[in-house]
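# Residue-level structure breakdown
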Amino acid sequence: MQRLTYRTAFFLALIISLLLNVLFLIMILYGRNAVIPGDDHPPRPELSMQVMLMHFIFNFLMAFVLYILNFRMLRIEMKPKLRVIAIIVATFVAAFLLSYLFSTIQIYFSDAAPRYKPIVRGGLVRDFFIAVIVILTSQLMYISDKQQQTALENRTLLSENMRTRYKALKNQVDPHFLFNSLNTLNSLIKVDTDKAQEYVQQLSYVFRYTLQTQEVISLEEEMRFTRAYCNLMQIRYGDSLQLDYRIDEHYNTYRIIPLSLQTLVENAIKHNVVSQKQPLAITFATHADDSISISNPIQLKKEAEDGEGIGLTNLAERYRLMWQRGITVKQDHGVFEVVIPLMKG
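Residues numbered from 1 in each chain as written. Predicted model: local features only at pLDDT ≥ 70, side-chain atom pairs only at ≥ 80, totals over all residues. Heavy atoms only, no water.

## A look at the sheet that holds strand β4 (residues 280-287)
Rule in force here: The criterion for strand pairing is that DSSP finds at least two bridges linking the strands in question. Secondary structure follows DSSP: runs of H or I at least 4 residues long count as helices, runs of E at least 2 residues long count as strands, and numbering of each begins at the N terminus. Axis definition: a line fitted to C-alpha atoms, over the contacting stretch in the case of helices. Angles run 0 to 180 degrees between N-to-C directions. Should any heavy atoms of two residues lie within 4.5 Å, those residues are counted as being in contact.
Reading across the sheet, the five strands line up as β2-β4-β5-β7-β6 and stay open at both edges, with mixed pairing between neighbours. Among the strands making up the open sheet, the edge pair consists of β2 (241-246) and β6 (328-332). Going across the sheet, the axis of each strand differs from the next one's by a mean of 15°, ignoring polarity. Two strands pair when backbone bridges link them, and β2 and β4 are joined in this way by six bridges, in the parallel orientation. Paired with Asp244 across the bridge in β4 is Thr283. Against the sheet, helix α8 (residues 219-237) engages β2, β4 and β5 (291-297), with an angle of about 160° to β2. Taken strand by strand, helix α10 (residues 311-323) contacts β6 and β7 (335-341), and its axis lies near 20° from that of β7.

Listed below in C-alpha cells is the structure:
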C-alpha cells in the first residue's frame, strides 16, 4: 500500500502526540501545576516541562510503534475478518506492554517519583485510546488505498480494452485501403499506362505512411499524406476531382488520428458522382474551435459502390475510443460535412 509507510507512521504519531499534549502545554503557559491536580506544593514549571516532554516522547513512540505494527499486519494475506481481529488483539497487547515499559521508565527518571506515580500508572487508559486511534486510522487508510488501487486497475483494464478495440478498428482500415487502391490501379493500367506508373510511385509513399504505427500524428503530417492520396485520385479522375485546402498553419502541430482525412476523401468519392459534367469539389478547412472539416456537395450515385461499411462508423469509433470525443456529421443546403476534433500537440 502506497501510504502505509514509515514516513506516514512518523507523521501520524507526531500529530497524535502533539494533540495529546496540548493540555499540558496550555497549563504550563498559564503557570499551573500540570502534574497532580490539587497538589498544594508550589508550582514548578521546569518539572511540568519535564513531565510534558516525557509524555510527548512516549506518546510519540507508542503511536509510531503501533502504526508500524498495524501497517505490517495489513500486508499479511489472510481473511479480512480474521486479520482485523488479529490486528486488534496484537495492537492492544502491544499497547499494554509499551505502556508498562514507558511508565516504568518515566517513574524511574522522575525527580518526584512518589508524587507522580498515580498519574503515570493512570496512563494505560490514554495508551489504549492511542491504540484505538491507530487501529481506526490504519483501517481507513488501508480501505482508501484498496479502493484507489481497484479504481486504478479498472482504469488500466478499460484503457487496455479500448486500445485493443482501437487496434482492431485500425487493422480494418489498412486492408480496405489496399483493396480500393489496387482496384484503382487495375483500372488505370487498362486506360493509361503512364498514369498507372505515376500512380504506383505515389502509392508507394502512401503505403509507407499507412504502415506507421503511431496512434496520433500531427495535422501537418496527416495533410501531407492526404495531399499525396488526393494526387492519386486526381491521376485517376483528372479535373473531375477538385480540391480546396483552407488550412491555417497555426494548427500544423495539433494532433489527429492517422488516416482520418483520407477515410473521408475516400468516402466522398465512393458515394458521389465524379465526372467532367459533375465535378466533385472537396474542401478542407480548419476552424477556431480546434477542429478540421471536410465537406463536399451531395451528388449521390444512383448505385453506391460496394464497400465494407467501415468508413464513418469506424472513424467515429476510433475517436471515441482514443479521445472520448466524437466527430460531427452535417448535411445542410446540399453540402455534406464531417468535422473532426484536433488536440493540441
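## Description of the environment of Val274
This is how the line gets drawn: The buried label applies to any residue whose accessible area, calculated with a 1.4 Å probe on protein chains only, is under 20% of its type's maximum; exposed applies above 50%, and partly exposed to all values in between.
Here Val274 is to be found in the loop between α9 (260-271) and β4. Judged by its relative accessible area of 17%, Val274 falls in the buried class. On a C-alpha basis, the gap between Val274 and Leu300 in space is 9.5 Å, while along the polypeptide they are 26 residues apart. Once you skip the residues sitting within four places of it in the chain, Val274 turns out to touch Tyr237, Ser240, Leu241, Ile269 and Leu280.

## Digging into unusual backbone geometry
Positive phi outside glycine occurs at Asp290, with the angle close to 60°. Take Asp290: it is sitting in the loop between β4 and β5. Accessibility expressed as a relative area gives 21% for Asp290, which makes it partly exposed. Located in the positive-phi region is His333, a residue other than glycine, with phi close to 55°. Following the sequence through the fold, His333 ends up in the loop between β6 and β7.

## Regarding the environment of Arg325
Relative to the assigned elements, Arg325 resides in the loop between α10 and β6. Judged by relative accessible area, Arg325 falls into the partly exposed class, the value being 34%. Those residues in contact with Arg325, other than ones at most four positions away along the chain, are Tyr319, Arg320, Pro341, Leu342 and Met343.

## Some thoughts on the pairing of β4
For β4, a buried count of six out of eight residues is recorded, marking the element as mostly surrounded by other parts of the structure. Pairing between β4 and β5: five bridges, direction antiparallel. Each residue of the ladder has a partner; that of Ala285, found in β5, is Ser293. The hairpin formed by β4 and β5 contains three residues between the paired strands, and Asp290 there has a positive phi angle of roughly 60°.

## Quick look at the environment of Phe102
Secondary-structure assignment places Phe102 in helix α4 (residues 80-109). Sequence spacing of Phe102 and Gly123 is 21 residues, and the spatial spacing of their C-alpha atoms is 9.5 Å. When near neighbours in sequence (up to four residues on either side) are disregarded, Phe102 contacts Phe58, Leu61 and Met62.

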